[in-house]
Amino acid sequence: MSTLSKDDNLVLSSEDSSCPEESELELGLGLSLSGSSKDFPSSASSPSSSSSSSPNFTAGTKRAADSLAANNRPSQVVGWPPLRTYRVNSCNYNSHTKSPEVFDSVAEKKKRHLRSSLFVKVNMDGIPIGRKVDLSAHSSYETLAQTLEDMFNESTTVITCKGSNGEDHGIIIGGERHSKLLDGSSKFVLTYEDKEGDWMLVGDVPWGMFISSVRRLRIMRTSEANGLGPRLEENIRQKSKPI
Amino acid sequence: MECKRKNEKSKSNSTFPDEVLELVLGMLKSRKDKSTVSLVCKEWYNAERWSRRSVFIGNCYSVSPEILTRRFPNIRSVTLKGKPRFADFNLVPANWGADIHSWLVVFAVKYPWLEELRLKRMTVTDESLEFLALKFPNFKALSLLSCDGFSTDGLAKIAANCKNLTELDIQENGIEDKSGNWLSCFPESFTSLEVLNFANLHYEVNFDALEKLVSRCKSLKTLKVNKSVTLKQLQRLLVHAPQLGELGTGSFSQELTPQQCSELGSAFKNCRNLHTLSGLWVATAQYLPVLYSACTNLTFLNFSYAPLDSDDLAKLLVHCPKLQRLWVVDSVEDKGLEAVGSHCPLLEELRVFPADPFDEGIVHGVTESGFIAVSQGCPRLHYVLYFCRQMTNAAVATVVQNCPDFTHFRLCIMHPGQPDYLTQDPMDEAFGAVVKTCTKLQRLAVSGYLTDLTFEYIGKYAKNLETLSVAFAGKSDWGMRCVLDGCPKLRKLEVRDCPFGNVALLSGSRKYESMRSLWMSDCKVTMNGVRLLAKEMPRLNVEVIKEERYETHQARKVYVYRSVAGPRRDAPPFVLTL
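Residues numbered from 1 in each chain as written. Chains lettered and ligands numbered in written order. Predicted model: local features only at pLDDT ≥ 70, side-chain atom pairs only at ≥ 80, totals over all residues. Heavy atoms only, no water.

**A look at the overall build of chain A**
- For chain A, the count of helices and strands is 8 helices and 7 strands.
- Buried residues in chain A amount to 51% of all 243 residues.
- For chain A, the proportion of contacts with a sequence separation of at least 24, taken over those separated by at least 6, is 54%. (Helix = DSSP H or I, 4+ residues; strand = E, 2+ residues; numbered from the N terminus. Buried < 20%, exposed > 50% of the residue type's maximum accessible area, 1.4 Å probe, protein only. Contact = heavy atoms within 4.5 Å.)

See below:
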């Protein structure tokens, strides 16, 4: 019969394919924003709880299912719910009823309009000339970050933005492609000004919610990003280790 | 003009001359029948292949254009499907493949009289569209659904050069929308259009050009315009084309005077042949009544991009007694679905899409009671696609009791792994009821918190099942094995985020040759398992999509399919062909 190497014997040895802890954790929901994500999306809860608790999605465990049900949000799992991109983009705009300044002024209370484009300004610290990006062309933080990366093509600097599950997701601008964050040298964070005039860290809220409240983007130096949230400062502290 | 048989001796005892046999076999309509007769004997195989005018290829990599053209010399119509279905949900990276161009190059030589091309999930470039427009003088019908890689420039080439075009159908594609100028490229002399669908394109077309086009194409039966067309403009189009059978409106929101409103109502009333209505986009409820008079013979209402509420829908449905297919947004809520049950006794298909799939706002959507209400009023219901946030086992059991004839049952409980919200039980019994009761079931999509029991039920009862979609479900390899062992007619199995590993994958080795394809992503399959499958089954194409961030021994995205064309030669670097 067939032979498998040792690491597969574990799988073959029993019908119940319960695997060691590591691979079980990796059976996440394939969240696109962080390859190492082990947490189930819990965007409803505060950042601190989502990092400490690990409601791993082990299919078949009722407890896990309960915690999923408690969250009660499809959230930002890649390709879920299963809807074509065209339709998803249309849906995003349906949620825009809450942000009239982003809308045509013709919008009435009951009607939901489908928008065509959503250009916002993007400025990067240290670069005098800003750019504009069409947020409607994106349906996730990842593609947005990629686009910004292409736009602001500098040598080996890293933008840090958070995935919606709270995990950090570093994007390299220019230079070689490294995996995720460069150790301790991410100099920039991606932030946005919301409709209330506050500057927020990109990535905390589901994409659709972000779209409905964003006014403009700023790629900010980490050193200036104080007070954007205890988690971010924690990250900054962790990364800036003495050499 | 046709390819004539040359030097083919038919050394047979048949009383029919070849030409007669060809003629007879050519009258067969069903693909399955055509395949069956080709297996009877060599003579029938030959007659069938010469008589074949249209071909459907469910997986473009299962065969090569060379093999296709060798077997079928006289094809006029080609339908091709490319990427795995989960590509629609961003699970397949860009540049994966399924490019139409290599096919067109061969077709230009072997099928110069090609008339129809229908593509789904293929990559189509502007160059390919131009090639198509210039190399095929008899080209008539182009349909692109969920394709990518082209822009409106390509459409302009089609419009400008295809003198015999009857159909241009562009739907839900990843198209680069540059402008609406393409429509103006139809020459003044061009009159053959019968189907025009540009509903999903963004930019405004030149209305004057559109109006003239519609008025001179007397055979136009299907017209689906995009959002940029206003109500006033729509009225003018309808006046030119009262013969329309399928209409996709533009944006249904514009301030109209009473006079204009009345004119619009009359225009709709004159469309006595209307059987399919879609569009609306931005539904200003106050103008919906203009549609009422056109709804008498309506069989298909596609309001899946129109966020109506329950009252608007109910008022409209009163006028649609003959409705067979209905697509709506869940903004209509359970109350809207109750109206469906009350007014549409002939309903056969229902699709309910979510208005707010990521829960940004305060969402109600539809629940199990809406589902039950429809099933109570619509006993002929056999196709359902239902996005919801809560469901119970009991409700599904009731639904299939009311409607035992389901052929397509696609239930999407939007929160992954969610149990019966009343009992907190797994949703196993729901799908158990579906497969036990609906013996004609061909397609099933499951969701919610499911153990292996669901798959035991499927394997035991779903004997006609052809397509199964599974996400965030199951407990162990046993689940997938039950399906692979138990469903004799299974053709497509697509699985994501389930705890099925190598044992499950390998248990279906023999079976995959009788299936079109298998997709497994974010399961527990490893590279070793995949390599073993490839080794055991050399005639299968076993592919892994590699993504840098994952560890190397995991096989995160696996695509297995049968093919007579051998391994892909056009695979990009991130697709490993084993």
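**As for the overall build of chain B**
- The helix and strand tally for chain B stands at 19 helices and 23 strands.
- For chain B, whose C-alpha radius of gyration is 25 Å, the value lies close to the compact-globule estimate of 25 Å for 578 residues.
- When its C-alpha atoms are laid out on the principal axes, chain B stretches across 75 × 70 × 55 Å.
- Looking at the 578 residues of chain B, the share that counts as buried comes to 61%.
- Considering only residue pairs separated by 6 or more positions, chain B has 71% of its internal contacts joining residues 24 or more positions apart. (Rg over C-alpha atoms; globule rule 2.2 N^0.38 Å.)

**A closer look at the side chain of B:Asp356**
- Tracing the backbone through its elements, the reader meets B:Asp356 in the loop between strand S14 (349-353) and helix H13 (368-377).
- Apart from residues no more than four positions distant in its own chain, B:Asp356 is found in contact with B:Gly361, B:Val363 and B:Arg389.

**A short note on the environment of B:Pro345**
All names here are of chain B.
- One can find Pro345 in the loop between helix H12 (333-343) and S14.
- Judged by its relative accessible area of 41%, Pro345 falls in the partly exposed class.
- It is 29 Å that separates the C-alpha atoms of Pro345 and Ala199, two residues lying 146 residues apart in sequence.
- Those residues within four positions of Pro345 in sequence are excluded, and the remaining contacts are Pro321, Gly377, Cys378 and Pro379.

**Some words on the pairing of strand S22 (residues 557-562) of chain B**
Residue and element names in this part refer to chain B.
- Burial of S22 is extensive: 5 of the 6 residues sit out of reach of the surface.
- The pairing of strand S20 (residues 517-521) with S22 spans 5 bridges and is antiparallel. Residue pairing for S22: Leu518 is matched across the bridge by Val560.
- Pairing between strand S21 (residues 540-545) and S22: 6 bridges, direction antiparallel. Looking at S22, one finds that Ile545 is bridged to Lys557. (Pairing = 2+ DSSP bridges.)

**Details of the pattern of salt bridges**
- Under the criterion given, the structure shown has 31 salt bridges over all chains.
- B:Glu211 is the partner of B:Arg236 in a salt bridge, and the nearest nitrogen-oxygen pair spans 2.7 Å. Here B:Arg236 is found in helix H9 (residues 231-240), whereas its partner B:Glu211 is found in helix H8 (residues 207-216), with 25 residues between them in sequence.
- For B:Arg236, a relative accessible area of 41% gives the class partly exposed.
- With relative accessibility at 12%, the residue B:Glu211 sits in the buried group.
- Where B:Arg496 meets B:Asp497, a salt bridge forms, and the shortest distance between an N and an O atom there is 2.8 Å. Here the two residues B:Arg496 and B:Asp497 agree in accessibility, since each one is buried.
- Within the structure, one salt-bridge network assembled from shared partners comprises A:Arg84, A:Arg87, B:Asp88, B:Arg121 and B:Glu172. (Salt bridge = Lys/Arg side-chain N within 4 Å of Asp/Glu carboxyl O.)

**Details of the packing of aromatic side chains**
All names here are of chain B.
- Enumeration according to the criterion identifies 26 aromatic pairs over all chains in this entry.
- Pairing Trp327 with Phe353 gives two aromatic rings, centres 6.1 Å apart and planes at 55 degrees, and the pair type is tilted. Placement of Trp327 in strand S13 (residues 325-329) and of Phe353 in strand S14 is noted, with a sequence separation of 26 residues between them.
- A relative accessible area of 15% places Trp327 in the buried class.
- Accessibility expressed as a relative area gives 7% for Phe353, which makes it buried.
- An aromatic cluster of at least three residues, connected via ring pairs, comprises Tyr61, Phe86, Phe89, Trp96, Trp519, Tyr559 and Tyr561. (Phe/Tyr/Trp six-rings, centres within 6.5 Å; stacked < 30°, edge-to-face > 60°.)

**Observations regarding helix H16 (residues 452-461) of chain B**
- For H16(B), every residue scored as buried is listed here: B:Asp452, B:Thr454, B:Phe455, B:Tyr457, B:Ile458 and B:Gly459.
- For H16(B), the elements touching its buried residues are helix H15 (428-437), strand S17 (443-445), strand S18 (467-471) and helix H17 (477-486) of chain B.

**Notes on the side chain of B:His408**
Residue and element names in this part refer to chain B.
- One can find His408 in strand S16 (residues 408-413).
- Classification of His408 by relative accessible area gives buried; the value is 18%.
- At 2.7 Å, the side chain of His408 and the side chain of Thr407 are in polar contact.
- Residues contacting His408, with those up to four places away along its chain left out, are His382, Tyr383, Val384, Leu441, Gln442 and Arg443. (Polar contact = N/O pair within 3.5 Å; in protein donor to acceptor, adjacent residues only side chain to side chain.)

**Concerning the confidence of the model for chain A**
Residues and elements named next belong to chain A.
- Across chain A, the average pLDDT comes to 56, with 36% of residues at 70 or higher.
- For the stretch residues 93-116, pLDDT sits under 50, and the model shows 52 contacts to residues farther than four places along the chain or on other chains.
- Contacts for the low-pLDDT stretch residues 229-234, under 50 throughout, to residues beyond four places or in other chains number 10 contacts. (pLDDT = per-residue confidence, 0-100.)

**A short note on a nonpolar patch on the surface**
Residue and element names in this part refer to chain B.
- A grouping of Phe16, Val20 and Val24 is seen on the molecular surface, where their side chains present a nonpolar patch of about 250 Å² in accessible area.
- One can find Phe16 in the segment before helix H1 (18-26).
- Under the relative-accessibility criterion, Phe16 is labelled partly exposed at 47%. (Patch = residues over 30% accessible without salt bridge, like charges linked within 9 Å, V, L, I, M, F, W, Y side chains within 5 Å. Areas by Shrake-Rupley, 256 points an atom, 1.4 Å probe, with all protein chains shown as cover.)

**Notes on the packing of helix H14 (residues 393-402) of chain B against H15(B)**
All names here are of chain B.
- Between H14 and H15, the shortest axis-to-axis distance is 7 Å and the interhelical angle comes to 10 degrees. Regarding the angle of H14 to H15, the classification is roughly parallel. Here H14 runs over H15; the crossing is right-handed. For the pair H14 and H15, contact is made by Asn393, Val396, Ala397 and Val400 and by Asp428, Glu429, Ala430, Ala433, Val434 and Thr437, respectively.
- Grouping the amino acids of the contact of H14 with H15 by side-chain chemistry returns 6 nonpolar, 2 polar and 2 charged. (Axes fitted to C-alpha atoms, helices over the stretch in contact; angles between N-to-C directions. Parallel < 35°, antiparallel > 145°, perpendicular 65-115°, else oblique. Left-handed = near helix turned anticlockwise from the far one by under 90°. Nonpolar A, V, L, I, M, F, W, Y, C, P; charged D, E, K, R; others polar.)

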